[in-house]
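# A closer look at the structure
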Amino acid sequence: MTTATQLNTQFGIQDQLFFREDVSGMIIAEINNRQASASLCLQGAHLMTWQPRNQSTPVIWLSRDAKLAAGKSIRGGAPVCWPWFGAHESNATFPGHGYARTVPWQVVESGTEMNDATRLTLRLMTSEKTRAQWPHYCTLELTVIVGATLRMEMTTTNNSEDDFIIGEALHTYFKISDIGAVQVTGLEGSEYWDKVGGSVLKKQAGAIQFSGETDRVYINTAATCVIEDKKLNRRIHIAKSGSHATVVWTPWTEKANKIGDMGQPDGWREMLCVESANAIENVVKVKAGARHTLIVEYRAEEI
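Please read these numbers as outputs of a predicted model, since none were measured by experiment. (Residues numbered from 1 in each chain as written. Predicted model: local features only at pLDDT ≥ 70, side-chain atom pairs only at ≥ 80, totals over all residues. Heavy atoms only, no water.)

All right, on to the packing of aromatic side chains then. In total, this model carries ten aromatic pairs according to the counting rule given. A centroid spacing of 6.2 Å and a plane angle of 85 degrees characterise the contact between Trp-82 and Tyr-99, whose relative ring orientation is edge-to-face. With a gap of 17 residues between them, Trp-82 in the loop between strand S5 (80-81) and strand S6 (105-112) and Tyr-99 in the loop between S5 and S6 connect regions that are remote in the sequence. Tyr-99 shares its class with Trp-82; the two are buried. For the pair Trp-84 and Tyr-99, a centre-to-centre distance of 6.1 Å together with 75 degrees between the ring planes defines the contact as edge-to-face. On the criterion of sequence distance, the pair formed by Trp-84 in the loop between S5 and S6 and Tyr-99 in the loop between S5 and S6 is long-range, its members being 15 residues apart. We note that Trp-84, like Tyr-99, is buried. Joined through ring pairs, the aromatic side chains of Trp-82, Trp-84, Phe-94, Tyr-99, Trp-134 and Phe-164 make up one cluster. (Phe/Tyr/Trp six-rings, centres within 6.5 Å; stacked < 30°, edge-to-face > 60°. Helix = DSSP H or I, 4+ residues; strand = E, 2+ residues; numbered from the N terminus. Buried < 20%, exposed > 50% of the residue type's maximum accessible area, 1.4 Å probe, protein only.)

Most often, soluble globular proteins keep nonpolar side chains buried together rather than apart. In this structure, Phe-19, Leu-47, Trp-50, Trp-82, Trp-105, Ile-227 and Leu-272 are the most contacted members of the largest nonpolar core, which totals 74 residues. Leu-47 has contacts with Ala-38, Ser-39, Leu-40, Ile-60, Gly-77, Ala-78, Val-144, Leu-150 and Met-152, leaving out every residue within four places of it along the chain. (Core = buried A, V, L, I, M, F, W, Y, C linked by side-chain atoms within 4.5 Å. Contact = heavy atoms within 4.5 Å.)

Read from one edge to the other, the open sheet built from nine strands follows the order S6-S7-S8-S9-S23-S19-S18-S13-S16, with strand pairing classed as antiparallel. Each edge of the open sheet is held by one strand with a lone partner, namely S6 and strand S16 (208-209). Pairing analysis gives eight bridges linking strand S9 (residues 150-158) to strand S23 (residues 291-302), with the strands arranged antiparallel. Residue Glu-153 lies in a different strand from S23, and its bridge partner there is Ile-295. (Pairing = 2+ DSSP bridges.)

Have a look at this one:
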């Protein structure tokens, strides 16, 4: 495994990007530039934090009880769900949302953009264990560009001679004031599968507001979503391409208590997941020799 010192020598950027080893043994990329700060764990290529300089409150939420451990997902940030979303369709022993968020990734490139944003690209590392779950010959890369906006580009390249189908998502947790005081716009009129209501297909009327557990997969939509948060006096814009499903999730009290690492007793009230995805009827066929890219860009502004 490449050490933090080796990574700093090869990919570190003075006054912008450095790598450190956490007490857990995980390697963390720390980004600080004129526009924003962010942190990313190399296990799972898991962006954990992002805060633009013009925001007094982080935009990406990380649980105060989040734990970093080998082979375990991190509660909060922007987990990578791949190559399936939700439960595996045929093998219940395989991890939910795929294995990409719990295995090592390697850094393959770093650099700066013309606007002084910091760019970091990572590639999923394969092993006998991952190949047993996903036997297709392919590569998965994630490029993160940290600046006044946060851009994430996830590219699947099919290097095999056969087509395959993927489900995927950037399972992003956003920092909010209180779940009862925010709403999500942009999905008005869209159909969604209500996972709390027993996977019933419904249609969204008006903005999304929250008064209980919510787990919805909005389908056939590439719309930009906005989290409107009057208590924090801000809007978070979520613009995407290469994604035709959007997942909106909040666990509420009972489920949050069962999860255990949401930041007890009320950490769940300060987060909301709006996930750019390809799931259910919007899974993606990646043809032999082709590639597919899911792109999301996040931006925060004052109301």
